[in-house]
Number of protein chains: 2
Amino acid sequence: MEQKVTLKELAKQLNVSISTVSKALNDSPEISPRTRERIKEAAQLRHYIPSSLGRNLKSMQTRTIGVIIPDILPHFFAKALYGMEAKATEMGYRLIICISNESLKKEKESIETLISGSVDGIVMSISQETQAKKQIQHLLDLKEYNVPLVLFDRVLAGIPCDKVSINDSLQAEQATMELISTGCRKVAYATGIPFTSVDDQRRDGYMEAAKRQKMKNRIIEFTHDKFPHQKFLKLLQEEKIDGILASDELSAVQVTKCILNAGFRIPEDISVIGFTNGVMGENFRPSLSVIDQQEEEQGKLALETAIDRIENKLPDEFMDYKLKTTIIHRDSTRKV
Amino acid sequence: MEQKVTLKELAKQLNVSISTVSKALNDSPEISPRTRERIKEAAQLRHYIPSSLGRNLKSMQTRTIGVIIPDILPHFFAKALYGMEAKATEMGYRLIICISNESLKKEKESIETLISGSVDGIVMSISQETQAKKQIQHLLDLKEYNVPLVLFDRVLAGIPCDKVSINDSLQAEQATMELISTGCRKVAYATGIPFTSVDDQRRDGYMEAAKRQKMKNRIIEFTHDKFPHQKFLKLLQEEKIDGILASDELSAVQVTKCILNAGFRIPEDISVIGFTNGVMGENFRPSLSVIDQQEEEQGKLALETAIDRIENKLPDEFMDYKLKTTIIHRDSTRKV
């Protein structure tokens, strides 16, 4: 079975740019007749399938948006997708979704898959590996295909595209200040998602508040599948922690469960606020106070921005939306 | 902007079958030269884009599997997708995912989108509306496109395709019997997912066990966003319920929370078992005893079956896998 040759591979083989290939195949007068012939012959020989014909000709739209998320398990992404799906239906578009599984390689493959499936635009949250390695060429290449890109939640500076996110750092700072305003004096930051850009920013916000309040930084890192009960309880007791800011929903639940199992009361002895307003925190006992990251709204706005960009309804300069978040007060924090 | 005309629309306009159009466009000798010409002309006139060229020619594979899930929010589907993604990567395939949002119309659209994106096969769990209306023509049509279909979790008899599911009815019966064997005498079935095929089967299994034990049927139905606290407590007290089988993870959590808030003890006064082994039940306090539906395994097996079918590694007759499930005993049930 032969594999499709992509526009990119064809361009590489011919040592010309992707847009040259695209223009040649579309008989653009910008390309000399001789080059056009050469490229067309090569395309035929190499069985190039113009499945992105609609895109290249710009005469047809598929009304399909491709979405790439880094991980399917967190409730955050499920809710963002839920919002996107609603907005797509409302605006007469369809979604196809790929999962990058936090891998740069799979992220690149997902982009290829979506482009060869002729999506009109791509909405994505970048993978941990892409963030760590800062390799973004595959995202810059989208310009050649004339496929607008919108980044949401995990965004990176240096990628010229529309962006939708929340101000994680500011929000973490405010949540820490709020714990302090309800009487907490020794607030710790507990993170189950170290090495992500959102964690970096939330940690920065926490440390900023700690600095302002001349409070010592107390940070505990772990992975969700191995919550360090003993180490955490030791920190609680030795440092007399009375407030916790948790990096995400599952971390907040794990911290709360460990605190209650050790015989402390929530919120009387220790208050907890966590990022993400999910079904788990809402239904936990006690119900958790959370930072509402507007997951659905982020999804909706990202999708709407992609469609508006596709339909040329936005100014040339890129949008950089920062959604306002709020704290939802439930039973894991004291009243102000 | 013009829309793509699909193979199906073209066939309808010409009043011939989809496979006739497909064969004609591929110069099949099975179709008379005159008909071939007529179809090709119409295809050109109507701007038919053979993006499913690879499929029709059968000379190329995209190594892409399309997945359609009915709802992105339940943890069950997230875990199934997680399993599929792992298996796809292992076998050198890619996934693209669509959400039908429990709607027949969106399910049909998703199939169109996936087919025009040239997937090699489709793995899906059918929408509530499709199940309720029993309209399955769009699924039968897949045969014309030569796209193998694998149904998982929510399957329907009457669709000739490979299937992967668990025996919901047997499992509900066994879980009910298990509650009885640990001393429960008045077991109720609490469902937050009425009108789904899995609920029907779980309810049947519960009623079968009740019948065998000469125990009265006690069933409470609700929707997740409006848990009926008062009605549920009234049932608990009037009927002296001492065991609950819950239809799904969130229902189990909602039931447990309501019971504890009313001052009953779990499992001393009332035991709870719920379907689905998710992160919410595992991290609840007390941790919930659950029926492990092998979400990841279902996803993996469904995907592997699709690939094996595509690669002609299966016998002609369709597979109907029923995965064995187990009960995970945690703190919401008494020891046997």
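Per an unreviewed UniProt entry, chain A carries the name LacI family transcriptional regulator and comes from Christiangramia fulva.

Engineer: Would you mind going over the relation of the copies chain A and chain B with me for this structure?
Structural biologist: Relating the two copies of this chain is a rotation about some axis coupled with a shift parallel to it. Aligned on chain B, chain A shows an RMSD of 0.2 Å; the corresponding rotation is 180° and the shift along the axis is 0.0 Å. Each copy turns onto its partner about a two-fold axis. When you check the interface residues of chain A against chain B, 98% turn up at the interface there too, and the contact is symmetric in its surfaces.

Engineer: I would appreciate a short explanation of the side chain of arginine 154 of chain A in the present structure.
Structural biologist: Residue and element names in this part refer to chain A. Residue position: arginine 154 is located in the loop between β4 (149-152) and β5 (162-166). Look at arginine 154 and you get buried, because its relative accessible area is 6%. A polar contact is formed between the side chain of arginine 154 and the backbone oxygen of isoleucine 126, at a distance of 3.1 Å. What arginine 154 contacts, discounting residues up to four positions off in sequence, is Pro70, Phe77, Glu102, Ser125, Ile126, Ser127, Gln128, Gln131, Ser197 and Val198.

Engineer: What exactly am I supposed to notice about the sheet that holds strand β7 (residues 219-221) of chain B here?
Structural biologist: Strand pairing within a sheet occurs via backbone hydrogen bonds; the two strands may be parallel or antiparallel. All names here are of chain B. Read from one edge to the other, the open sheet built from six strands follows the order β7-β6-β8-β9-β10-β12, with strand pairing classed as mixed. Only two strands of the sheet have a single neighbouring strand rather than two, namely β7 and β12 (326-328). Put simply, the sheet's adjacent strands are angled 20° from each other on average, direction ignored. Relative to strand β9 (residues 271-275), helix α9 (residues 168-181) is tilted by about 165°, and along the sheet it contacts β6 (187-191), β8 (243-246), β9, β10 (289-292) and β12. Each of β6, β7, β8 and β9 touches helix α10 (residues 197-212); the most contacted strand, β6, lies at about 175° to it.

Engineer: Mind showing me how you'd approach the pattern of salt bridges here?
Structural biologist: Working definition: two side chains of opposite charge can pair if their charged atoms are close together. A complete count under the given rule lists 36 salt bridges over all chains for this structure. The partner of aspartate 162 of chain A in a salt bridge is arginine 309 of chain A, with the nearest N and O atoms 2.8 Å apart. Separated by 147 residues along the polypeptide, aspartate 162 of chain A in strand β5 and arginine 309 of chain A in helix α14 (residues 295-310) bring together distant segments of the chain. In this structure, aspartate 162 of chain A and arginine 309 of chain A share a single accessibility class: buried. A salt bridge links lysine 133 of chain B to glutamate 129 of chain B; its shortest N-O distance comes to 2.7 Å. Remark: glutamate 129 of chain B and lysine 133 of chain B occur in helix α7 (residues 128-133); sequence separation between them is four residues, near one turn of the helix. Look at lysine 133 of chain B and you get partly exposed, because its relative accessible area is 46%. A single network of salt bridges, built from pairs that share partners, joins Lys105, Glu109 and Glu112 of chain A together with Arg94 of chain B.

Engineer: What is the right way to look at the interface of chain A and chain B in this model?
Structural biologist: Quite often, the size of an interface is put as the accessible area lost when its parts meet. Contacts between the two partners involve 45 residues from chain A and, on the opposite side, 45 residues from chain B. For the pair chain A and chain B, the summed buried surface comes to about 4500 Å²; carbon and sulfur atoms form 62% of the total. Here chain A is connected to chain B by five salt bridges. Notably, a salt bridge pairs glutamate 112 of chain A with arginine 94 of chain B, separated by 3.4 Å at the nearest N-O pair. Seen at the junction of chain A and chain B, the total is 19 residue pairs in polar contact (both at pLDDT 80 or more). Considering every element that reaches the side of chain A that touches chain B, the biggest residue donor is helix α5 (residues 75-90) of chain A, with seven residues. Of the residues that constitute the side of chain A that touches chain B, the class distribution is 20 nonpolar, 13 polar and twelve charged.

Engineer: Please clarify how the domain arrangement of chain A should be interpreted in this entry.
Structural biologist: Residue and element names in this part refer to chain A. Structurally, chain A comprises domain 1 (7-50), domain 2 (61-165 + 295-323) and domain 3 (168-293). The distance between the C-alpha centroids of domain 2 and domain 3 comes to 30 Å. Contact residues are listed per partner, giving nine residues for domain 2 and eleven residues for domain 3. Counting each side, the surface lost to burial between domain 2 and domain 3 is near 810 Å², with a carbon and sulfur contribution of 41%. The largest per-residue losses of area from domain 2 upon contact with domain 3 belong to His75, Gln128 and Glu295, which jointly make up 49% of the total buried on that side. At the junction of domain 2 and domain 3, the tally comes to zero salt bridges.

Engineer: Looking at this structure, how should I read unusual backbone geometry?
Structural biologist: With the exception of glycine, most residues fall at negative phi, and the peptide bonds are largely trans. The peptide bond linking isoleucine 266 of chain B to proline 267 of chain B adopts the cis configuration, its omega dihedral lying at 5°. Relative to the elements of secondary structure, proline 267 of chain B occurs in the loop between α12 (249-261) and β9. The omega torsion across arginine 285 of chain B and proline 286 of chain B is 5°, close enough to zero to call that bond cis. The residue proline 286 of chain B is located in the loop between α13 (279-283) and β10 in this model. If you check the backbone angles, glutamine 294 of chain A has positive phi at about 55° while not being a glycine. Position of glutamine 294 of chain A relative to the elements: it lies in the loop between β10 (289-292) and α14. One non-glycine residue, threonine 276 of chain B, adopts positive backbone phi at about 80°.

Engineer: Would you explain the packing of aromatic side chains in this entry?
Structural biologist: Between two aromatic rings, the relevant description is the distance of the centres plus the angle of the planes. Residues and elements named next belong to chain A. For the structure on display, the rule yields eleven aromatic pairs over all chains. Centre to centre, the rings of phenylalanine 227 and phenylalanine 232 are 5.5 Å apart; their planes meet at 65°, and the pair counts as edge-to-face. Residue class for phenylalanine 227 comes out buried when judged on its relative accessible area of 10%. Three or more aromatic residues link up through ring pairs in this structure, and these residues are Phe76, Phe77 and Phe152. The cationic tip of arginine 202 hangs over the ring face of phenylalanine 275; the distance from NZ or CZ to the ring centre is 4.0 Å.

Rules behind the numbers
Residues numbered from 1 in each chain as written. Chains lettered and ligands numbered in written order. Predicted model: local features only at pLDDT ≥ 70, side-chain atom pairs only at ≥ 80, totals over all residues. Heavy atoms only, no water. Least-squares fit on C-alpha atoms with pLDDT ≥ 70 in both. Contact = heavy atoms within 4.5 Å. Helix = DSSP H or I, 4+ residues; strand = E, 2+ residues; numbered from the N terminus. Buried < 20%, exposed > 50% of the residue type's maximum accessible area, 1.4 Å probe, protein only. Polar contact = N/O pair within 3.5 Å; in protein donor to acceptor, adjacent residues only side chain to side chain. Pairing = 2+ DSSP bridges. Axes fitted to C-alpha atoms, helices over the stretch in contact; angles between N-to-C directions. Salt bridge = Lys/Arg side-chain N within 4 Å of Asp/Glu carboxyl O. Buried area = accessible area lost by both parts, 1.4 Å probe. Nonpolar A, V, L, I, M, F, W, Y, C, P; charged D, E, K, R; others polar. Domains from an automatic or database assignment. Phe/Tyr/Trp six-rings, centres within 6.5 Å; stacked < 30°, edge-to-face > 60°. Lys NZ or Arg CZ within 6 Å of the ring centre and 35° of its normal.

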